[in-house]
Amino acid sequence: MQLYSTNNPNYKVDLKTAVLKSLAPDKGLYMPSKIDRLSDEFFKNLKNYSLSEIGFHVCANLFQDSIGAYDLWKIVNNALTFPAPVVKINDKISTLELFHGPSLAFKDFGARFMAQLMSHYNKDENKKLTILVATSGDTGGAVASGFYKTEGVEVIILYPKGKVSDIQEKQLTTLGENIYACEIEGTFDDCQALVKTAFLDDDLNDKYRLSSANSINIARLIPQSFYYFEAIKQVDNTKENIIAIPSGNFGNLTAGLLAKEMGLSIEKFIAATNENHIVPDYLSTGEYNPKPSIATISNAMDVGNPSNFVRMMELYNKDHKAVTKDISGYWTTDKHVLETIKRVYENNDYVLDPHGAIGFLACEEYIQNISKDKNYIFLETAHPCKFLDTVESVIDHKIDLPQRVKELLNKKKEATQLNKAFPSFKEYMLSR
Ligand SMILES: *Cc1c(COP(=O)(O)O)cnc(C)c1O
């Protein structure tokens, strides 16, 4: 498999380089040079495939001979250890639940798959790989559990003291084994600055093989395409498919476009956002104007300059007309989101989280102008208990915590306390 940099189509690397480096030296994102259609045989058998089998076929198609069948099956099967069911909300709209993984959000798919690929590519090295990651909460949890007990890799997570939720902190600090947490007296930006400085430090690079678990790594995007096939496999295959995607950095939507490029039948994607509606604006005007982000209750989508927009443009050669043929935009406000969580709980006995609620609303709006019967599916990107206070305040009811969360809350936190100055972090790194 070959990948090119979005800043220079002539700069090409293999899959291993793209996975271990995340970003091209010119700061471009990596994109596959060739995305072939999957075979008719694959689509004929789709209904009978497990999620792991889907993942295997999609990767074999994209990676070509980069990874042998035996190793590829191991990677995919180790990464995909939880289901992605389609659940009916009402007679028209269903949701694809992506929150059954360890950190209760879809980011588990990407983090686990990236961990498996990195471990695969590091297996012939005699030095283990040390992943440094700064987190404001969510990504850290997915990365920590994704890399947990992964051979040849350790993870050091830096998080800002007092600025992550209880559940998030437990996800970062209770795993043990190859996962280490540093609680930094400072902000998320301070944590990120420490990580950046560490990558440039000679002494640390002598001692460690350092890498990052960057959100724009192609290894996080690829597995997100698997669950679009998984969704379509579960619905009526005589109808057209409309999929609404609550979006922030647009990784999920881009993964959906990859699935379509590989031949999956999706008539329309709805790019659904909160008040950070840069992409819906682009879709309606043709102009892309990044802005500072606005804080909302669907905070994982508070992004003012989505990192995967450039990948979306690559897939369409920046042809706005072609983009709008496949993608519609939708956006809404916090007030509307809260009303919707309440309404869907009362009418349909389903608890939406603030992100999924935006996907549901996007489907409802789209249906209004269409008379034909179609499959309307939105991605439920996180479990509602991750936004406990917001959700419980409107449904006036306690949410059941999943068993794995209850167990987590009883575990003991272990973290190294550090101040935000680089020398103290460096000393920790050199003495451990
Ligand atoms: C990360 C995240 C999103 C946004 O996904 P993108 O792929 O960045 O568009 C939406 N919802 C939740 C719960 C998330 O954690």
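Structure report, in brief. Everything numeric in this text was worked out from a predicted model, so none of it was measured.

This paragraph deals with the sheet that holds strand β11 (residues 268-273). The six strands are arranged β4-β5-β13-β10-β11-β12 in an open sheet whose pairing can be described as mixed. Sheet topology places β4 (86-88) and β12 (327-331) at the edges, where each strand pairs with a single neighbour. Each strand of the sheet is rotated relative to its neighbour by a mean of 25°, with strand direction disregarded. For β4 and strand β5 (residues 93-97), the ladder comprises three bridges, and the chain directions are antiparallel. Bridge assignment links valine 87 to a residue of β5, and that residue is threonine 95. Along the sheet, helix α10 (residues 218-234) makes contact with β4, β5, β10 (241-246), β11 and β13 (375-380), crossing β10 at roughly 135°.

Even without a glycine there, the phi angle at serine 22 is positive, about 65°. Looking at the secondary structure, you find serine 22 in the loop between α1 (15-21) and β3 (30-32). Phi at leucine 104 takes a positive value of approximately 65°, unusual for a residue other than glycine. Judged by its relative accessible area of 0%, leucine 104 falls in the buried class.

Take the side chain of threonine 6 next. Along the chain, threonine 6 falls in the loop between β1 (2-5) and β2 (8-14). You can call threonine 6 buried: its relative accessible area is 13%. In this structure, threonine 6 is in contact with Gly28, Leu29, Met31, Val310 and Glu314, ignoring residues within four places of it in sequence.

On to the site of the ligand. Around the ligand sit 15 residues, and of these Lys107, Gly248, Asn249, Phe250 and Thr381 come closest. Glycine 251 is positioned with one of its backbone polar atoms (N or O) 3.0 Å from an oxygen atom of the ligand. Considered on its own, the ligand offers 380 Å² of accessible surface; in the complex 95% of this is hidden by protein.

Quick look at the pairing of strand β7 (residues 153-160) now. Of all eight residues making up β7, eight are buried, and the element is well covered by its neighbours. With burial as the criterion, each face of β7 is covered, one bearing Val153, Val155, Ile157 and Tyr159 and the other bearing Glu154, Ile156, Leu158 and Pro160. Looking at chain direction, strand β6 (residues 129-134) and β7 are connected through six bridges and run parallel. Note on β7: the bridge partner recorded for alanine 134 is leucine 158. In this fold, the crossover linking β6 to β7 by way of helix α6 (residues 138-147) has right-handed handedness. Pairing analysis gives six bridges linking β7 to strand β8 (residues 179-185), with the strands arranged parallel. The partner of leucine 158 across the bridge, within β8, is cysteine 182. Tracing the backbone out of β7, into helix α7 (residues 166-173) and back to the parallel element β8 gives a crossover that is right-handed.

Let's shift gears to the pattern of salt bridges. One pass over the structure, following the stated rule, counts 21 salt bridges. Linked by salt bridges that have partners in common, Glu240, Glu267, Lys372 and Lys374 make up one network.

The five strands are arranged β9-β6-β7-β8-β14 in an open sheet whose pairing can be described as parallel. Looking at which strands have only one partner, the edges of the open sheet turn out to be β9 (209-212) and β14 (416-419). With strand direction ignored, the average angle separating the axes of adjacent strands in the sheet is 30°. This element, helix α8 (residues 188-200), spans β6, β7, β8 and β9 of the sheet and lies at about 150° to β6.

Phe63, Phe113, Phe147, Tyr228, Phe229 and Ile327 are the most contacted members of the largest nonpolar core, which has 93 residues in total. Of all the elements, α10 adds the most residues to this core, at 10 residues. Setting aside residues up to four positions removed in sequence, phenylalanine 63 forms contacts with Met1, Leu15, Leu72, Phe113 and Ile222. Core analysis: the next-biggest nonpolar cluster, separate from the first, contains 37 residues, Ile341, Leu352, Phe387 and Val391 among them.

Turning to the packing of α10 against helix α11 (residues 251-261), a few remarks are in order. At a minimum axis separation of 8 Å, α10 and α11 run at an interaxial angle of 65°. Our pair here, α10 against α11, has a crossing hand that is right-handed. Taking contact as the criterion, the partners of Leu221, Gln224, Ser225, Tyr227, Tyr228 and Phe229 in α10 are, on α11, Gly251, Asn252, Leu253, Thr254, Ala255, Gly256, Leu258 and Ala259. Residues belonging to the contact of α10 with α11 are distributed by class as follows: eight nonpolar, six polar and no charged.

Position of serine 119 relative to the elements: it lies in helix α5 (residues 107-122). The exposure class of serine 119 is buried, given its relative accessible area of 14%. A distance of 3.0 Å separates a polar side-chain atom of serine 119 from the backbone oxygen of glutamate 151.

To continue, consider the packing of aromatic side chains. With the rule as written, the count across this model stands at 16 aromatic pairs. Measuring from ring centre to ring centre gives 5.5 Å for phenylalanine 42 and tyrosine 49, while their planes differ by 25°; the resulting arrangement is stacked. Both residues of the pair, phenylalanine 42 and tyrosine 49, belong to the buried class. With 6.0 Å between their ring centres and 80° between their planes, phenylalanine 360 and phenylalanine 378 make a pair best called edge-to-face. Linking phenylalanine 360 in helix α16 (residues 354-368) with phenylalanine 378 in strand β13, this pair joins segments that are 18 residues apart in sequence. Put simply, the rings of Phe82, Phe109, Tyr227, Tyr228 and Phe269 pair up and form one aromatic cluster. The ring of tyrosine 180 carries arginine 432 above its face, with NZ or CZ at 4.5 Å from the centroid.

The rules behind each value
- Residues numbered from 1 in each chain as written.
- Predicted model: local features only at pLDDT ≥ 70, side-chain atom pairs only at ≥ 80, totals over all residues.
- Heavy atoms only, no water.
- Pairing = 2+ DSSP bridges.
- Helix = DSSP H or I, 4+ residues; strand = E, 2+ residues; numbered from the N terminus.
- Axes fitted to C-alpha atoms, helices over the stretch in contact; angles between N-to-C directions.
- Contact = heavy atoms within 4.5 Å.
- Buried < 20%, exposed > 50% of the residue type's maximum accessible area, 1.4 Å probe, protein only.
- Near = heavy atom within 4 Å.
- Polar contact = N/O pair within 3.5 Å; in protein donor to acceptor, adjacent residues only side chain to side chain.
- Areas by Shrake-Rupley, 256 points an atom, 1.4 Å probe, with all protein chains shown as cover.
- Right-handed = clockwise from strand over helix to strand, strands pointing away.
- Salt bridge = Lys/Arg side-chain N within 4 Å of Asp/Glu carboxyl O.
- Core = buried A, V, L, I, M, F, W, Y, C linked by side-chain atoms within 4.5 Å.
- Left-handed = near helix turned anticlockwise from the far one by under 90°.
- Nonpolar A, V, L, I, M, F, W, Y, C, P; charged D, E, K, R; others polar.
- Phe/Tyr/Trp six-rings, centres within 6.5 Å; stacked < 30°, edge-to-face > 60°.
- Lys NZ or Arg CZ within 6 Å of the ring centre and 35° of its normal.

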